[in-house]
Amino acid sequence: MFALNFNNTTMHIFYGKVALIAYLKTIKTENSSVGFVPTMGALHQGHLALMQRSLNENDDTVVSIFVNPTQFNNQEDLAKYPRTLEEDVRKMSALSDKIILYAPTVEDIYEGHTVSQSFDFDGLENQMEGKFRPGHFNGVGTIVKRLFEIITPTNAYFGEKDFQQLQIVKKMVEKNHLPVNVIGCPIFREPNQLAMSSRNERLTPDERQEAAMIYKILTEAKEIFHTKTPEETIEFVENSFKSNTKFELEYFVIADESTLLPINHKSKDKNYRAFIAVFVNSIRLIDTISLN
Ligand code: PAF
């Protein structure tokens, strides 16, 4: 009764939470598990890998596609964010017609009040993406909490490309005592090692090839970090971008993996990670690498 015919798929697709919640009630049992993959659509291999993992590890899998307005601090970025629902449904149903899709409207989520809740993520929100995209993580916290409340998943899957987001979601779950396991999954890369992202769709073929330099510089920085100081590593990365007219470095930060605080010196027994944000024209790309 709730299965909609879309593009010849028998996948269950819901545009409203009331029908979704009612349907989930009919399929959940006391011991069954629900896996959840939140997305903003424009699906790529990385998303599909998260879905496959959820399908492998859970009885049922819900995927959401929702371009969340409250996490965009840049209105042009929001307007230009790719929206490809039909193509997304095709990709998902090729993976499995067992996937339950929730593709809500803004009204269904925000009920006429499209604003973020304010969160305290113990400072994780003040670095990097939080610094350069004011309000972004309040928007992410708001939508992820709302989606968790609607879907009540057992396990939720997030990509490590947005490592700061992953840590923030874990913190939000811990502070709000939400009964969900947040699982981080490795970054998927294109053949030239560019981290997969829905924003890659907006690059020209040349830009997409040349963007391979981002990960190349990250791996070189990792090598340098083994023998040099954080400052010397940062200098190397900043210099690498100085002569480049196409790619503009927004930030390169070396941080403690658990606190996300930038470091001045290395100490033993700590895990470090490098984070980078780069502009190609007005398209913003991020990537990250473990330095241990
Ligand atoms: O990573 C994303 O695509 C989004 O930030 C998320 C987690 C779906 C929330 O809108």
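First things first, this report covers the structure right here in the doc. (Residues numbered from 1 in each chain as written. Predicted model: local features only at pLDDT ≥ 70, side-chain atom pairs only at ≥ 80, totals over all residues. Heavy atoms only, no water.)

### Points about the packing of helix H2 (residues 45-57) against helix H4 (residues 85-95)
Here is the rule: Every axis in this analysis is a line fitted to C-alpha atoms, fitted for helices over the stretch in contact. Angles between the N-to-C directions lie between 0 and 180 degrees. A run of DSSP states H or I qualifies as a helix once it reaches four residues; a run of E qualifies as a strand once it reaches two. Both are numbered from the N-terminal end. With the far helix as reference, a near helix turned anticlockwise by less than a right angle produces a left-handed crossing, and one turned clockwise produces a right-handed crossing. Contacts are residue-level and defined by heavy atoms, with any inter-residue pair within 4.5 Å sufficient. Asp, Glu, Lys and Arg are counted as charged, while Ala, Val, Leu, Ile, Met, Phe, Trp, Tyr, Cys and Pro are counted as nonpolar; the rest, among them Gly, fall into the polar class.
At their nearest, the axes of H2 and H4 sit 11 Å apart, and the two run at 35° to each other. Of the two possible hands of crossing, H2 and H4 adopt the one that is right-handed. Side by side, H2 and H4 meet where Leu48, Met51, Gln52 and Leu55 of the first sit next to Lys91, Met92 and Leu95 of the second. Looking at the contact of H2 with H4, its residues break down into five nonpolar, one polar and one charged.

### What about helix H1 (residues 17-27)?
Here is the rule we go by: Only protein chains enter the accessibility calculation, which uses a 1.4 Å probe; a residue is then buried when its area is under 20% of its type maximum, exposed when over 50%, and partly exposed in between. Regarding the arc, it is the one traced by the directions from the helix axis to the C-beta atoms.
By the burial criterion, the buried members of H1 are Lys17, Leu20, Tyr23 and Leu24. Along the long axis of H1, the arc covered by the buried residues comes to 125°, so they all point the same way. Away from its buried face by more than 90 degrees, H1 exposes Val18, Lys25 and Thr26. Those residues of H1 that are buried are in contact with strand E1 (12-14), strand E3 (60-65), strand E4 (100-102), helix H5 (106-110) and helix H7 (136-151).

### Here's the deal with unusual backbone geometry
Phi is positive for methionine 128, close to 40°, though the residue is something other than glycine. Within the secondary structure, methionine 128 is located in helix H6 (residues 128-132). Under the relative-accessibility criterion, methionine 128 is labelled buried at 2%. A positive phi angle, near 65°, is found at leucine 260, a position not held by glycine. With respect to the helices and strands, the residue leucine 260 is situated in the loop between strand E7 (247-256) and strand E8 (272-280).

### Regarding the sheet that holds E7
Basically, it comes down to this: Here, any two strands with at least 2 DSSP bridges between them count as paired.
Read from one edge of the open sheet, three strands run E7-E8-E9, paired in antiparallel fashion. Since the sheet does not close on itself, it has two edges, and those belong to E7 and strand E9 (283-290), each with one partner. Pairwise comparison of adjacent strand axes, ignoring direction, gives a mean angle of 15° for this sheet. In this structure, E7 lies alongside E8, joined through nine bridges in antiparallel fashion. Following the sheet pairing, tyrosine 251 is matched in E8 by alanine 277. Here helix H11 (residues 230-242) sits on the sheet in contact with E7 and E8, set at roughly 165° to E7.

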